[in-house]
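Summary of the model geometry
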Amino acid sequence: MITRQWQVNGEMREATFPALKPLLHVLREELAATGPKEGCGEGECGACTVLLNGQPVTSCLAAAGQVRDGSTIWTAEGLARLPLGERIVDAFMRHGAVQCGICFPGMLATTYAFLRDEPAPDDRSTREALSGNLCRCTGYSKIVAAILDVAREREPAGSRGRVGAQPGPPAGEDPTLETLDALETLETPPSPAAPRAASAPAIDPREPAAFYAPRTLDEALALRARRPGAALLAGGSDLLVAWQAAAREPLLRGAPSRTARPAADRPAETAAAEAPCQRPVVISLSDIDALRGVAEEDGVLRIGACTSAYELCTNPSLARGAPALVAAAHALGARPIRHLATLAGNLVNASPAADLAPPLLVAGAGLLIAKAGGTRKIPLEDFYRGYKETNLGPDEIVTVVLVPALVAGEREGFRKLGTRRAQSIAKVCAAVRVRLDAGRIDAVAIALGSVAPTTVRLPRTEERLRSERPTAALWERTRQWVAEEVHPISDVRSNADYRRAMAGVLVTDLLASLVCSEHGAQ
Amino acid sequence: MIGRSPARTDAREKIVGSTRYIADYVVPGVWQGITLRSAVAAGRIRTVTADAHFPHGEAVLVTGQELGATNRVAMVTDEMPFLATDAVRYAGEPIALVAAPTLHAARAAAHAVRIEIDPCTPLFSLQEAEERRRADPASVRVHAECRITRGDAAAALRNAAIVIAGTYTTQAQEQAYIEPQGVIAWPGQRGGTVIEGSLQCPYYVHNALVRLLGCAPEDVIVRQSPTGGAFGGKEDIPSVIGGHAALLARACGHPVRIVYDRHEDLLFTPKRHPSIVHHRTGVSEDGRLLAMEITVVLDGGAYTTLSPVVLSRAVLHATGPYECPHVAIHGVCLGTNIPPPGAFRGFGAPQVAFAIESHIDRIAHRCHLRPDEIRRRNIMRIGSVTATGQILRESVSAERVLDEALTASDFVRKWQAHGAAARQRHRRGIGLALTWHGGGFTGNGEVNLASVAALSIEDDGRLLIRTSNVEMGQGAHTALPQIVAERLGVPLERIACAQPDTSQVPNSGPTVASRTVMVVGRLIERCADQLADALEQAAGPRAQWNDFDGALDALRTAGDPLRFEARYEPPPGIHWDERTYRGDAYAVYSYACTVVELSTDTLTGEVKVERAIAACDIGRAIHPQVVEGQIEGGVLQGLGMGLLEQSTTHEGRFDQNRFQTYIIPTALDAPEILPIIVEDPYSRGPGGAKGLGELPVHGPAPALANAVAQASGRRITDLPVTPERIVAAGAGDPASPIRDLPSPSRDLPSPSRDPASPSGVGDEKEEA
Ligand SMILES: Cc1cc2nc3c(=O)[nH]c(=O)nc-3n(C[C@@H](O)[C@@H](O)[C@H](O)COP(=O)(O)OP(=O)(O)OC[C@H]3O[C@@H](n4cnc5c(N)ncnc54)[C@H](O)[C@@H]3O)c2cc1C
Ligand code: FES
Ligand code: FES
């Protein structure tokens, strides 16, 4: 058990809990904040969204042990008492936006951050902002209309444009610095002596065997050497999903034999259900500030391993030097996930559908991997060994991702076909980096996700394209080449035929658009 | 008050998070219950035992063996056990229950429970069941079967100039309420229980629990907790989960909470029935329906549950709102080894709407008519006769909603423009669907229910509406007070709805079938009339009252009863024969016309729905804003069914076990939705209102499929219309001819027909 002190809805609170307990359940069970709901426990529905240090996150996937002392947490209960929150609540009421209401505490948190940060919301950006908050009742129309209404109201009379600057401080800080005065005059909410509020079913309430939250990389490496194989916990958006799923395996009994476990996309359920899981040893990386951030040196972008997908989306050097990576980060989950998800987590998790890998593969990115004795550098391409398998040693930590920035004449892009328009895992995703010289393709790199056991480059197609003139006929042939070079499977998201065909379409679409927009060629 | 949109009374608390749903309840000493389930889809249970490690005293185990004859869930038929004891019929069927102070402890205790099952041969798919039954009718369980006959369809088909056949399929659709299933049971008096939970039908649960526990009705109390979405998904299963919790509470002596997590909820609770619908239709050259032969096959899964009623609604809506002199409909619901499907908004009607509304577009194509023309030519009007011989006498607004939607969408112009557009990669399409929905229970259902609602005057002078109909987001507890306010001319603030609690409210029936406002609202209206009469008796004619309170005082002083009840009475002249399926299937129908506009990328099969318009006639909109919300939400659920919500099984288990794989629309997937309220009052509805809740769900999927057919040149006859299916049908292939593209002008010759149609593409047959 660990004890933490946080400022919850403007009030200092203390709670004691097992380190891996999701923040959602600590809020609900230890701190009587039952505003955030559990709709899925896996980051998909957004009903649990709260503002953690100012940013919306799905609290079901935030390990409470990773939330530092002194952090600020705002849930719907508290946000509704702030001026901006009040206006949002009123607008939702006025528009008749609410039906069953279960999604609304999460909607309120997401909306608060959106209106605070977005200077000029429109229909599209509002829908994008809400895309991590599922609502099954309303069709979203009235929610969107209400939010746009608040944005309009906020516009100072007579001025147009930058609407949003005022309520709430900049992202990344306490959302209420500016409004705290107002808050203090409000009566504090009745603070029930932490009645054990009902839990939605469950958290994995078990303690990890050990939980470390080192502040420096050296400490982390020393721990890693002492406890080889310990789980490295970054944002937790893969690990917590896996741990939660294991802890909640349906209790299926009476299977004829243990060996009869089917298909790939289905976790090995019975096995997990029969034996209690091993308690993991966990090293949290989220307190190591040195692992975050982006620097540029000699045309190489150095991205800290624990930089979040949200930070990737908003970093200006990356927008210039690695636009495909930025596009991919934009396509990853929805905002509450992007604040949790880290770059290294996405790469080390080694899903064939990892969106951040293809842009890095086409850029020729490398990883810096450290252990107590020193650091090695390895091309990302060599990092993958098979389905969900990397060559990371049990005592190693990925520290930096090195990305050669785009140089003059080079262009790159990313495209994803998902199961829906947002918050979806790729059926196929593709990245291309290309350079023309004298009207011919001088250099080209192609990478794809979800078409093989790992994310892959397509060396044969790249070779065939080199020195070709970009023409419609070339794109026709390219589609074929790509289709021949990939080996997708059928699973719950799509089928092999479709994936094979779409790999070709995405790559040629990207090539055509990159080459056209640069050179006007067809 | 009717026709205005006062703020919903429950909205603020829900937004700010202070509404307590069942998982939020603080219950001292509560234990957590979990369910042990069968890993096999079909088999015989050999043993269910706790081994020596079971922590007796710290946990309890309940099995079906202890229950004996009471181990049956009271539903349409009393077939399904609370806990399987002998046969298991689906993977995930509950076999045993464990409760302990924490979930973790309960799961740990569950490791000490041994279950052994001898497997036998299962039947996993409806296609397989249909084939097997064709070979040997006795080899497949039949949950329900029914026929509707009007005229002589076989003969008329023989004589028809044109006969068009088609087969349409839909998959299971998950309700995907964001609040999972949950209940708490307290040990009650004299062997009874108190149940509180997320549910739609308090008296269903009450009935089931009285039977299970073998106690007096008054010793079971069922209360609804604020419900985070239901859509039919909390109609039948709360009886099961409520029973489970009550059994555990009785065993351990503590209150017991069972809240499903999302995996359990997605895998094992009821969904929309998968369906196969076959149509053979005879039409005249000018597009008049001469004969319809329709077969509706539903997958009823492992147990009968609500299937007979779902099937009944499906066959009764199968012709769509079109008149045809010769109709033969055969409906059958087959047993398979998947979790039993159940109620989902629409209740059988969306499946058949997809079939008929796709089919009618194909007929239009064959007859060189526009989608709106073919529909208008056959549309139900006042005086039209349905397949069951019902003469439609009032509030028949099919043509009105059609006109409203055509105008609002500029349909004809767009349809012609898209049809004539060049075949580029990105193309647009517009599609139409015209649908109907019978309000209230089918046939004699309302008579059998004999619902009672009450209105009482409370000590503080408030008027309390007492019904068992729940607020689950649809706005019932906002609309019902408006009906009373309108009738009595009192302010809304002094009227409230009692939270449904079987010890406090009469049985006004379940919150299903779009019946709450139309049927129960009417009862409440009658209660209000009784109150008005009583007040006039006590205080003299209304014109002489000083104010309402004065009149109330007079009533109190007179010592008259302060509670008014009304019981359902069927409208005069309504007759239904369940045996022959003849007569008035529903007292009245609501109508909707849905138009979907979209664009497709024919190479990737991606569909971007841009706009959806739904003109809905619901008689009278009590609260227009709530009505719009119902339409918008219903349309998006229908679009989800049409486009995204894939549901497949592997060995009888759903592959989509989480929200990452069961895909419902996000805000970015939702188009602009334009709800149009049409009001053609119904004389027996409160203020003229008809049913609304389910109506908007039916049209979007077929309208979408029709729009995709126009945009891509490919008709997809199996839902959902996925990119995979569009691409597999050859949409992106420039070499292949356009198939089934509705012709932009009636002068075009009939398109050439490709005899070898790829799978997933409708096979249009023409017979001489
Ligand atoms: C709702 C939802 C939507 C999602 N959508 C997408 C999507 O659209 N596209 C997509 O690609 N992904 C998606 N994901 C997955 C994505 O969030 C993760 O892959 C994320 O990037 C992982 O980062 P993390 O920090 O959260 O990883 P964690 O869960 O903390 O860790 C993941 C793995 O990486 C290891 N690891 C982390 N950091 C290091 C390090 N520095 N050195 C060595 N090993 C390390 C961990 O030990 C673990 O094995 C989604 C997830 C959710 C829950
Ligand atoms: S509970 Fe669904 S995202 Fe957290
Ligand atoms: S209002 Fe019910 S899920 Fe959003």
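Here the structure is a predicted model, which is why all the values come from computation and not from measurement.

1. Overview of the overall build of chain A
- When helices and strands are tallied, chain A shows 20 helices and 20 strands.
- For chain A, the proportion of contacts with a sequence separation of at least 24, taken over those separated by at least 6, is 65%.
- Taken as a whole, chain A presents about 18700 Å² of accessible surface, with 51% of it coming from carbon and sulfur.

2. A word on the nonpolar core
- Ranked by internal contacts, the top residues of the largest apolar core, which has 157 residues, are Phe 92, Phe 104 and Ile 143 of chain A together with Val 296, Val 315 and Leu 704 of chain B.
- Of all hydrophobic cores here, the second largest spans 76 residues; its members include Ile 303, Ala 305, Cys 313 and Ile 337 of chain A.

3. Brief notes about the packing of helix α14 (residues 476–488) of chain B against helix α15 (residues 516–539) of chain B
Residues and elements named next belong to chain B.
- Put simply, α14 and α15 touch, their axes get as near as 9 Å, and they point 35° apart. Remark: the crossing between α14 and α15 carries right-handed chirality. Along its contact with α14, which presents Ala 476, Ala 479, Leu 480, Ile 483, Val 484, Arg 487 and Leu 488, the element α15 presents Thr 516, Val 517, Gly 521, Ile 524, Glu 525, Ala 528, Asp 529, Leu 531 and Ala 532.
- Its residues assigned to classes, the contact of α14 with α15 comprises 11 nonpolar, 2 polar and 3 charged.

4. Comments concerning empty space enclosed by the protein
Residue and element names in this part refer to chain B.
- Scanning the model with the defined rule gives 11 cavities of 30 Å³ or more in all.
- Reported here for the second largest cavity is a volume of approximately 150 Å³.
- Lining the second largest cavity are 20 residues, with Met 80, Tyr 90, Ile 237, Val 240 and Phe 268 positioned closest to its centre.
- Ranked by residue count, the leading element in the lining of the second largest cavity is helix α6 (residues 237–252), at 3 residues.
- Taken together, the residues of the lining of the second largest cavity sort by class into 14 nonpolar, 3 polar and 3 charged.

5. Focus on the interface of chain B and chain A
- Each partner contributes residues to the interface: chain B has 94 residues there, and chain A has 90 residues.
- Summing both partners gives a buried area of about 7700 Å² for chain B against chain A, and 58% of it is carried by carbon and sulfur.
- Three residues stand out in chain B for area buried against chain A, namely Ile 15, Ile 178 and Leu 668 of chain B, and they jointly supply 10% of the buried area on that side.
- At the boundary of chain B with chain A, the tally comes to 10 salt bridges.
- Between Arg 28 of chain A and Asp 24 of chain B there is a salt bridge, with its nearest N and O atoms 2.8 Å apart.
- Joining chain B to chain A, the criterion identifies 43 residue pairs in polar contact (both at pLDDT 80 or more).
- Looking at which element gives the most residues to the side of chain B that touches chain A, the answer is helix α17 (residues 624–643) of chain B, with 8 residues.

6. A word on the environment of Glu 394 of chain B
All names here are of chain B.
- Turning to its location among the elements, Glu 394 is positioned in the loop between α10 (371–378) and α11 (398–409).
- Put simply, Glu 394 and Ile 382 are 12 residues apart on the chain and 6.3 Å apart in space, counted from C-alpha to C-alpha.
- In this structure, Glu 394 is in contact with Ile 382, Val 588, Pro 681, Tyr 682 and Ser 683, ignoring residues within four places of it in sequence.

7. Points about the side chain of His 273 of chain B
Residue and element names in this part refer to chain B.
- In this structure, His 273 sits in the loop between α7 (262–268) and β13 (275–283).
- For His 273, a relative accessible area of 1% gives the class buried.
- A distance of 2.8 Å separates a polar atom in the side chain of His 273 from a polar atom in the side chain of Ser 307.
- In this view, His 273 contacts Thr 170, Gln 171, Leu 298, Asp 299, Gly 300, Ser 307, Val 310, Cys 333, Pro 341, Gly 342 and Gln 351; residues no more than four positions away in its chain are not counted.

8. Regarding the pairing of strand β10 (residues 193–197) of chain B
Residues and elements named next belong to chain B.
- Across the 5 residues of β10, 5 count as buried, placing the element largely inside the fold.
- Residue alternation in β10 divides its side chains into two sets, Thr 193, Ile 195 and Gly 197 and Val 194 and Glu 196, and both sets are buried.
- Connecting the antiparallel pair strand β9 (residues 182–187) and β10 is a turn made up of 5 residues, with Arg 190 showing a positive phi of about 50°.
- Bridging between β10 and strand β11 (residues 220–224) involves 5 bridges; their strand directions are parallel. Pairing of Glu 196 across the sheet is with Arg 223, part of β11.
- In the classification by handedness, the crossover that spans β10, the intervening helix α5 (residues 202–213) and the parallel β11 is right-handed.

9. Section: the confidence of the model for chain A
Residues and elements named next belong to chain A.
- Per-residue confidence for chain A gives a mean pLDDT of 88; residues scoring 70 or more make up 85%.
- Here residues 259–276 is a poorly scored stretch, pLDDT under 50, and it has 28 contacts once near neighbours within four places are set aside; other chains count.
- The model gives residues 518–522 a pLDDT under 50, and that stretch makes 12 contacts with residues more than four places away or in other chains.

10. Comments concerning the site of ligand 1
Residues and elements named next belong to chain A.
- Close to ligand 1 lie 37 residues; Leu 232, Gly 235, Asp 238, Thr 342 and Asp 355 are nearest.
- Here an oxygen atom of ligand 1 sits 2.6 Å away from a polar atom, N or O, in the side chain of Asp 238.
- In this structure, Asp 355 approaches ligand 1 through a side-chain N or O atom, which is 2.6 Å from a nitrogen atom.
- When ligand 1 sits alone it has 990 Å² of accessible area, and the protein chains cover 94% of it.

11. Brief notes about the domain arrangement of chain B
Residues and elements named next belong to chain B.
- When the domains of chain B are assigned, the result is domain 1 (29–121 + 181–259) and domain 2 (451–567).
- Computed over C-alpha atoms only, the centres of domain 1 and domain 2 are separated by 36 Å.
- Across the boundary between the two partners, domain 1 contributes 18 residues, which contact 15 residues of domain 2.
- When domain 1 packs against domain 2, the two sides together hide about 1300 Å² of surface, and 55% of this comes from carbon and sulfur.

12. Comments concerning the pattern of salt bridges
- Taken as a whole and judged by the stated rule, the model has 86 salt bridges over all chains.
- Note that Asp 118 of chain B is salt-bridged to Arg 46 of chain B, the shortest N-O span being 2.9 Å. One end of the pair, Asp 118 of chain B, is in strand β6 (residues 113–119); the other, Arg 46 of chain B, is in strand β2 (residues 43–50), with 72 residues separating them in the sequence.
- On the basis of relative accessibility, which here comes to 34%, the residue Asp 118 of chain B falls in the partly exposed class.
- A network of salt bridges, in which partner residues are shared, links Arg 415 and Asp 509 of chain A together with Arg 425, Asp 601 and Glu 606 of chain B.

Scoring rules and cut-offs
Residues numbered from 1 in each chain as written. Chains lettered and ligands numbered in written order. Predicted model: local features only at pLDDT ≥ 70, side-chain atom pairs only at ≥ 80, totals over all residues. Heavy atoms only, no water. Helix = DSSP H or I, 4+ residues; strand = E, 2+ residues; numbered from the N terminus. Contact = heavy atoms within 4.5 Å. Areas by Shrake-Rupley, 256 points an atom, 1.4 Å probe, with all protein chains shown as cover. Core = buried A, V, L, I, M, F, W, Y, C linked by side-chain atoms within 4.5 Å. Buried < 20%, exposed > 50% of the residue type's maximum accessible area, 1.4 Å probe, protein only. Axes fitted to C-alpha atoms, helices over the stretch in contact; angles between N-to-C directions. Left-handed = near helix turned anticlockwise from the far one by under 90°. Nonpolar A, V, L, I, M, F, W, Y, C, P; charged D, E, K, R; others polar. 1 Å grid on protein atoms, 1.4 Å probe; cavity = no way out; pocket = protein on both sides within 12 Å on 5 of 7 lines; lining within 4 Å. Points joined across faces, edges and corners; volume = space filled by probe spheres on them. Buried area = accessible area lost by both parts, 1.4 Å probe. Salt bridge = Lys/Arg side-chain N within 4 Å of Asp/Glu carboxyl O. Polar contact = N/O pair within 3.5 Å; in protein donor to acceptor, adjacent residues only side chain to side chain. Pairing = 2+ DSSP bridges. Right-handed = clockwise from strand over helix to strand, strands pointing away. pLDDT = per-residue confidence, 0-100. Near = heavy atom within 4 Å. Domains from an automatic or database assignment.

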